[in-house]
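# Coordinate inspection notes
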Amino acid sequence: MYGNDMETLKKENMNLADKIYIFDTTLRDGEQAPGVALTVDEKIQIAQKLDKLGVDKLEAGFPASSKGEVMACSQINDLIDATTVGLARTVKKDIDAVLDANLDYMHTFIGTSPLHRDYKLKMDKETIIQTAVEGVEYGKDHGLTVEFSAEDATRTERDFLIDVYEAVVDAGADFLNVPDTVGVLTPVVTRELISDLKSKFKTPISVHFHNDFGLATANTLTAIENGANQAHVTINGIGERTGNSSLEELAVTLKAVYGIDIGIDTTQLYNISEFVGRITGIKMPVNKPIVGDNAFAHESGIHVHGILNNALTYEPISPELVGHSRRIVIGKHTGANALKSKLDEYHIELDDEQFQRVFNQIKALGDKGKTITDSDLKAIAVTELSTAKETPIKLKGLGLLSGAIVSPTATVKLEIDGEEKETSATGVGPVDAALNAIKSLISDEMDVELEEYNLEAITGGTDALAEVFVITSDSNCNKSTGRATNDDIVMASIEAVLDSINKLLLIQRANE
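A short tour of the structure in this document, coming up. Per-chain numbering applies: the sequence of each chain, read as written, is numbered from 1 onward. Only residues with pLDDT of at least 70 get local features here, since the model is predicted, and only at 80 or more are side-chain atom pairs given and counted; chain-wide, interface and lining totals rely on the full set of residues. Side-chain figures throughout are based on the complete set of non-hydrogen atoms in the structure, without hydrogens or water.

## Description of the overall build of the protein
- Within the protein, the regular secondary structure consists of 17 helices and 16 strands.
- Atoms counted for the radius of gyration: C-alpha only. Globule rule: 2.2 Å times the number of residues to the power 0.38. Taking 2.2 N^0.38 as the reference for a compact globule, 512 residues should give roughly 24 Å; the C-alpha atoms of the protein span a radius of gyration of 33 Å, well beyond that estimate.
- Seen along its three principal axes, the alpha-carbon backbone of the protein occupies a region of about 105 × 55 × 40 Å.
- The buried share of the protein, taken over its 512 residues, is 51%.
- By element, 49% of the accessible surface of the protein is carried by carbon and sulfur atoms, the whole surface being about 23,300 Å².
- Note that His is not counted, nor are the chain ends; the positive residues are Lys and Arg, and the negative ones are Asp and Glu. Note that the charge is assigned to NZ on lysines, CZ on arginines, CG on aspartates and CD on glutamates. In the protein, the 48 positive side-chain charges and the 81 negative ones have mean positions that sit 2 Å from each other. Helix and strand labels come from DSSP, where a helix needs a run of H or I of at least four residues and a strand needs a run of E of at least two; each type is numbered from the N terminus. When accessible area is computed with a 1.4 Å probe and restricted to protein chains, residues below 20% of their type maximum are described as buried, those above 50% as exposed, and intermediate ones as partly exposed. Here, Shrake-Rupley sampling with a 1.4 Å probe gives the accessible areas, and only protein chains in the shown set may cover a residue.

In structure tokens:
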């Protein structure tokens, strides 16, 4: 997609590991997002979807936090093929809880930065190293694969960080994790840090980056470019505060931009994103990369014209790659090509004059700040198809008076065969009053009865487009339908009735 020169440039400038592991922590760090509390059944459902997605390792929880967490981790371990991981502090009781959950892989951690040493742990450097080593050794003595995290690594003095990692490697740590606990890294610093660690350790390097400055995914990609073997991620990037590196963003970028397949079935990403959002109650912004509702949505006429000819003009990847779908949005920026494409999609055929009237109505609604849904467009187009081809009677003016202490009154001005007439009438409401005025004005032409009146708000909200369908009859037992769509209920009602009356009048005149 990006050309051979870019491919060569990538190979020459990256120190990619032979295998890049995806370590998903949606069920642990993701659940730590404020307001999220998952049941055991919900955790199992998400775990099974992550397993099917193809993650290598799945951090199922923090077993020491509760008996329910032990049970959830144990059940998940029995149900999935991915490696199930349990979190533990570098203390015996936490590690015992991982063992109680029948897990084989432990992710253990201790704070190493001055802030954590002085204010949280109140330990000196020697005690930190001793505690870390004892935790790793205890885990290894009990047959666990051990991943060690120096919590707040990116704010830890570099020399001390190296000392901690050297000590836990000597104790048998299988992975060294580098947490950017408060998300302060930038890609330039990430490159230097990971390159330095890779030059000093043969033990695989893992990274766990937070998104406080919106750089978690960018920093994770930079770490991978410089040899990191594993990335901690979550679905939708959820997690503490502003979250973590996003699994869907990382996986798709590696596949589409870097040309690296990490074994993730990207076609499942939109589905699992929506599922996790629904279960956790954390709805994704519409502009969320890869999985947001607007990721493959287009309204601008220029963009839509390009998309209809070749989707790559304004889309870096196909929506099908991530299980998403393309959406042409109708609104004030919509061009004729987009509107014609949508109508073709609905199999609605309009002549040039009908199309122009629909187009003008869409633009007018857009100028009022309304977003036109697919249902709105269908209703407008169907209304145009069913509208009387000739309109001997036209609405020229309307005035309404209504309230709690006055009788609803409507003043209506009609043009009937070129002659303007005006009158006022009352009713039980503004719509009834307007219809009574219309009946009075056309009494010389025909007697009309409203036999059926149906009003529907096409979409939700107080600004919903109203669709009115009516059936009227005349004294000769002729009947006709009328339909109108408008953002004003009264106007939609009057337009529908006049549409029906015009059809009746044309029938009457054809029979004379």
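Now that the structure has been shown, we can carry on.
## What about unusual backbone geometry?
- Unlike most non-glycine residues, Lys122 shows phi in positive territory, near 55°.
- Here Lys122 lies in the loop between helix 5 (114-121) and helix 6 (125-141).
- Overall, the relative accessible area of 66% leaves Lys122 in the exposed class.

## Some words on helix 3 (residues 67-79)
- Its 13 residues place the ends of helix 3 19 Å apart at the C-alpha level, agreeing with the 18 Å of an ideal helix rising 1.5 Å per residue.
- Here helix 3 has its buried residues at Glu69, Val70, Ala72, Cys73, Ser74 and Ile76.
- Note on definitions: a residue-residue contact is assigned when non-hydrogen atoms from the two residues lie within 4.5 Å. If you follow the buried residues of helix 3, they end up packed against helix 2 (40-53), strand 2 (57-61), strand 3 (83-89) and helix 4 (92-100). Here a helix's expected span is defined as the number of its residues, less one, multiplied by 1.5 Å.

## Things to note about the pairing of strand 15 (residues 466-474)
- Buried residues dominate strand 15, accounting for eight of its nine residues.
- When DSSP finds two or more bridges between a pair of strands, those strands are recorded as paired. Strand direction decides the pairing type here: strand 14 (residues 448-457) and strand 15, joined by nine bridges, are antiparallel. For Leu455, the partnering residue across the bridge sits in strand 15 and is Val468.
- Pairing of strand 15 with strand 16 (residues 479-486) involves eight bridges; the strand directions are antiparallel. From the neighbouring strand, Val468 faces strand 16, where its bridge partner is Ala484.
- Linking strand 15 to strand 16, which pair antiparallel, is a turn of four residues; within it Cys477 sits at a positive phi near 70°.

## Considerations on the packing of helix 13 (residues 336-345) against helix 14 (residues 352-367)
- Throughout, an axis means a line fitted to C-alpha atoms (over the contacting stretch in the case of helices), and angles, computed between N-to-C directions, take values from 0 to 180 degrees. For the pair helix 13 and helix 14, interaxial distance at closest approach is 11 Å and the crossing angle is 110°. In terms of axis orientation, helix 13 runs roughly perpendicular to helix 14. Our pair here, helix 13 against helix 14, has a crossing hand that is right-handed. Touching Ala336, Leu339, Lys340 and Leu343 of helix 13 are Phe355, Val358 and Phe359, all from helix 14.
- Taken together, the residues of the contact of helix 13 with helix 14 sort by class into six nonpolar, no polar and one charged. Roughly parallel here means an angle under 35 degrees, roughly antiparallel means over 145, roughly perpendicular means 65 to 115, and every remaining angle is called oblique. A crossing counts as left-handed when the near helix is turned anticlockwise from the far one by less than a right angle, and as right-handed when that turn is clockwise. Here the nonpolar group is Ala, Val, Leu, Ile, Met, Phe, Trp, Tyr, Cys and Pro; Asp, Glu, Lys and Arg are the charged ones; every other residue, Gly included, is treated as polar.

## What about helix 11 (residues 269-280)?
- Counted at 1.5 Å a residue, the expected span for helix 11 with its twelve residues is 16 Å, and the 16 Å between its end C-alpha atoms agrees.
- Every buried residue belonging to helix 11 is among Leu269, Ile272, Ser273, Phe275, Val276, Gly277 and Thr280, and all of these are buried.
- Buried residues belonging to helix 11 abut helix 2 and helix 10 (247-256).
- Looking at the residues trailing helix 11, positive phi occurs at Gly281, about 80°.

## Some points on the environment of Thr266
- Its place among the elements puts Thr266 in the loop between helix 10 and helix 11.
- Spatially, the C-alpha atoms of Thr266 and Glu248 are 7.7 Å apart, while their sequence positions differ by 18 residues.
- Identification of polar contacts relies on pairs of N or O atoms within 3.5 Å, with a donor-acceptor requirement for protein atoms, meaning one able to donate a hydrogen and the other able to accept it, and with residues adjacent in sequence counted only if both atoms are side-chain atoms. Separated by 2.7 Å, the side chain of Thr266 and the backbone oxygen of Leu321 make a polar contact.

## What about the packing of aromatic side chains?
- Aromatic pairs are defined between Phe, Tyr and Trp rings, using the six-membered ring for Trp, whenever the two ring centres lie within 6.5 Å; interplanar angles under 30 degrees are classed as stacked, those over 60 as edge-to-face, and all others as tilted. In this structure the tally under the stated criterion is four aromatic pairs.
- An aromatic cluster of three or more residues is present, and its members are Phe148, Tyr165 and Phe201.
- The rule is short: NZ of Lys or CZ of Arg within 6 Å of the ring centre and within 35 degrees of the ring normal puts a charge over the ring. Stacked on the ring of Tyr21, the Lys or Arg Lys57 has its end atom at 4.9 Å from the ring centre.
- Directly above the ring of Phe355 sits Lys340, whose terminal nitrogen or CZ lies 5.3 Å from the centroid.

## Some points on a nonpolar patch on the surface
- Patch definition: residues above 30% relative accessible area lacking any salt bridge, with like charges linked at up to 9 Å and the nonpolar side chains Val, Leu, Ile, Met, Phe, Trp and Tyr linked at up to 5 Å. Salt bridge, as applied in this entry: a Lys or Arg side-chain nitrogen positioned within 4 Å of an Asp or Glu carboxyl oxygen. A grouping of Leu450, Tyr453, Leu455 and Ile489 is seen on the molecular surface, where their side chains present a nonpolar patch of about 330 Å² in accessible area.
- When residues in the nonpolar patch are grouped by element, the largest group, three residues, is from strand 14.
- Turning to its location among the elements, Tyr453 is positioned in strand 14.

## A closer look at the nonpolar core
- To form a nonpolar core, buried Ala, Val, Leu, Ile, Met, Phe, Trp, Tyr and Cys residues must be joined to one another through side-chain atoms within 4.5 Å. Counting residues in hydrophobic clusters, the biggest one holds 85 residues, and the most contacted among them are Leu53, Phe148, Tyr165, Val178 and Leu247.
- Top contributing element to this core by residue count: helix 7 (residues 158-170), with seven residues.
- Not counting residues within four places of it along the chain, the set of residues in contact with Val178 comprises Ala153, Tyr165, Leu193, Ile194, Leu197, Ile205, Ser206, Val207, His208 and Phe209.
- Ranked by size, the runner-up nonpolar core spans 29 residues in total, among them Ala410, Val448, Ala484 and Ile501.

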